[in-house]
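# Structural overview for review
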Amino acid sequence: MNAISRLVQPRSVAVIGASADGRKTAGRPVAYLRKHGFSGDIYPVNPRVDDIDGLRCYPDIASLPAVPDVGIVLLGAERADLAVRELAERGVAAAIVLASGYSETGEEGARRQARLVEAAGGMRILGPNTIGLVNLTDNIVLSASGALEMDRFPVGSIGVVSQSGGILGALLSRAAPRGIGLSKLISTSNEVDLDLADFVDYLADDDATKVIALYIEAVRNPEKFRAAALKAARAGKPVVAFKIGRSEAGAKAAVSHTGALAGADRMYDALFRQVGVIRAQTFGDLLDIPAALATGRVLRGNRVAILTSTGGAGTLVSDSLGVSGFDTPAPDPDTAARLRALQTGDHAALDRNPIDVTLAGLQPDLLRGAIRALLASPSYDALTIIVGSSSLAMPELMAGAIQDCLPESDKPVIAFVSPHAPSVAALLTQRGVPAFAAAESCTVALAGMLHHARWKAPEPSAPAAPVDVAGLPAGALDEAQAKQLFARFGVPCAGETVVASPAEAEQAARALGGRVVLKILSNEITHKSDVGGVAVGLAPEQIGARLAAMKDEVQARTGIAPRRFLVQEMVAGGTEVIVGMHRDPLGTAILVGMGGIAAELFKDTAMRLLPGDGGGLGREQALEMVRELKSWPLLDGFRGRPKGDVEALVSAIVAFSRMTAQLGDRLIEAEINPLFVLPAGQGVRAADGVAVLGAAA
């Protein structure tokens, strides 16, 4: 067994600083281990006590009769490192440090935390500032949390890892009355050593765990997390994460639009999407989604049958599903005929969805027949059953009738318990039918199942030959330099000429032919249109005068007198797109969205993180990004528009991503806005660009 396995499944536990009073925090670990049936050896350590609850108490770690797998350290932050050092010297696999007062408290706490890490040497540490862990599968409680006072835990197949200790108690106390079973609960807290990714990796191999739920404050090691999440995905174990801190109030303004459009929370969205993590939008979702996924049933499409005996509740579920893009079609003729054969009279609505069968007196045979007909129907991918007030008198009958039908199909079957009846919902959940008290929770659960079923790992990008980047200057590039950089990597750019005088501008305009665009060329002024630095649709005979006027206007508004200008071909008939990059502690992302001056206004964007192997995006990922945009119809022939050259757009995105990957940390910011997507077969043109480079290594 490795150190993490010995931590989660120890054969022996030392409790450093144990108290003989089980009511005190320091007395709980021994009390909980005894209460919940830990079968291994327990070694309390306290020099002032001879025994605790019939167990011999040892004066110090050196006196322990054997080397324990785990040491629970209950000492304060000032002395915990001394115990950690002694445990490490004895060869203990892992220590759980419960004390607070470390990096979360400031500089002195950070110094204490550094001493703790140094003291541990090669021994693994969980914490500090943690409530520990609970292995419900094996009845092992390694914690002092008062939230664990319950006599029996709801054992199941959902593993929970949280960076907040208190959240574990909150989830456990919510799961138990709902009949939701958990397998492992682990609090990582300060993560001086073991972190979220370590336990995602562990749970991916844990036979008792089918679904992994995460409460995340920050991912401290993105590449390690990425690898662990992908391992879980390959093992067929969904990961559901609730990430706090979604406010963008602290987002830093950037030179490019991309910095404002990306933001830290969008980066988490991109990371989760690429590794198959399902993001819980509310704290309640962190139980609702795993409860549905733990059934192991497969949602292959978005068509949902709603079986109800109460019209109002059926409409609630139908409305919620419809808002989220699910379809609730009427039964096909064969299914409708099967349903009609079950119930006589004209009081049942069997030709529409919700399918309203009046379960007079709660008739189990009628319910079984309806469920079997809907599960067998080719028209539906899932079934939602409305449990009405008539079930309250005999909940076992309804639960048993539904449970009888489950082996006949692997389609998801969930329940909405319309009256407030927590015991009925818990009974259904325990019988394999996740039950919810809100119609919206049904939708969230099904959406999580559909996300899991449809996700596939991004394809690796094809290797590309490196591009010569010798001679690139450091600092902010002007527009012409930026587009020359993009062109080196294969991004097509609009034709243009750099000029310094009205006469040169007129000559360049005549050479380009037709009407042109005039811009200031400056590495000091990025958003040129904001200061009067752009003019479009100019004829050659107009451009000289317009250049002189532009020079005066820009100087008046900025105090900077532009010396050079750009005369550019005027690209017409295209759709404006923005392509940019954003660097963050989570990694480097490529952003694609609606372009032009409205980019930040509409914020219609899609993002992907570059892979950890140093390559760019693949074509499939680039195409997915484009199709995610709300403005995708504009590229796909909306209302008679010519279809855009999407293949050329995908090529440009891939080229831009490879540039970003090759330049690495040297590329501080880069953006094309707008990139004109011309009609199919005519390509794309970068009409403006921003790039900021650091010095070459």
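Residues numbered from 1 in each chain as written. Predicted model: local features only at pLDDT ≥ 70, side-chain atom pairs only at ≥ 80, totals over all residues. Heavy atoms only, no water.

The chain has the name 6-carboxyhexanoate--CoA ligase in an unreviewed UniProt entry, where Bordetella genomosp. 10 is given as its organism.

### A few points about helix H22 (residues 646-663)
Note on helix geometry: an α-helix contains 3.6 residues per turn, so any two residues three or four positions apart are oriented the same way. Between its first and last C-alpha, H22 extends 26 Å over 18 residues, near the 26 Å set by a 1.5 Å rise per residue. Of all the 18 residues making up H22, 14 are buried; the element is thus mostly covered by neighbouring parts of the structure. Downstream of H22 by one or two residues, Gly664 has phi in the positive range, about 55°. (Helix = DSSP H or I, 4+ residues; strand = E, 2+ residues; numbered from the N terminus. Expected span 1.5 Å × (residues − 1). Buried < 20%, exposed > 50% of the residue type's maximum accessible area, 1.4 Å probe, protein only.)

### A few points about the domain arrangement of the chain
Note on interface size: it is often stated as the accessible area lost on association of the parts. Partitioning the chain into structural domains gives domain 1 (1-130), domain 2 (150-296), domain 3 (300-454), domain 4 (498-569) and domain 5 (575-693). For domain 2 and domain 5, the distance between their C-alpha centres works out to 29 Å. Facing the 22 residues of domain 2 at the interface are 28 residues of domain 5. Of the roughly 2,100 Å² buried between domain 2 and domain 5, counting both surfaces, carbon and sulfur atoms make up 61%. Our enumeration of links across domain 2 and domain 5 arrives at one salt bridge. Among the ionic pairs, Glu628 bridges to Arg273, the shortest N-O distance being 3.2 Å. Along the contact surface separating domain 2 from domain 5 lie four residue pairs in polar contact (both at pLDDT 80 or more). Broken down by secondary-structure element, the contributors of at least two residues to the side of domain 2 that touches domain 5 are helix H7 (222-234) and helix H8 (257-275). The element that contributes the greatest number of residues to the side of domain 2 that touches domain 5 is H8, accounting for 15 residues. (Domains from an automatic or database assignment. Contact = heavy atoms within 4.5 Å. Buried area = accessible area lost by both parts, 1.4 Å probe. Salt bridge = Lys/Arg side-chain N within 4 Å of Asp/Glu carboxyl O. Polar contact = N/O pair within 3.5 Å; in protein donor to acceptor, adjacent residues only side chain to side chain.)

### Examining the packing of helix H10 (residues 311-323) against helix H15 (residues 439-454)
The interhelical angle for the contact between H10 and H15, taken along N-to-C directions, is 40°, at an axis separation of 8 Å. In this view, H10 runs oblique relative to H15, as classed from their interaxial angle. With respect to the hand of their crossing, H10 and H15 are arranged in right-handed fashion. Here Leu316, Val317, Ser320 and Leu321 of H10 lie close against H15, whose contacting residues are Ala439, Glu440, Thr443 and Leu446. (Axes fitted to C-alpha atoms, helices over the stretch in contact; angles between N-to-C directions. Parallel < 35°, antiparallel > 145°, perpendicular 65-115°, else oblique. Left-handed = near helix turned anticlockwise from the far one by under 90°.)

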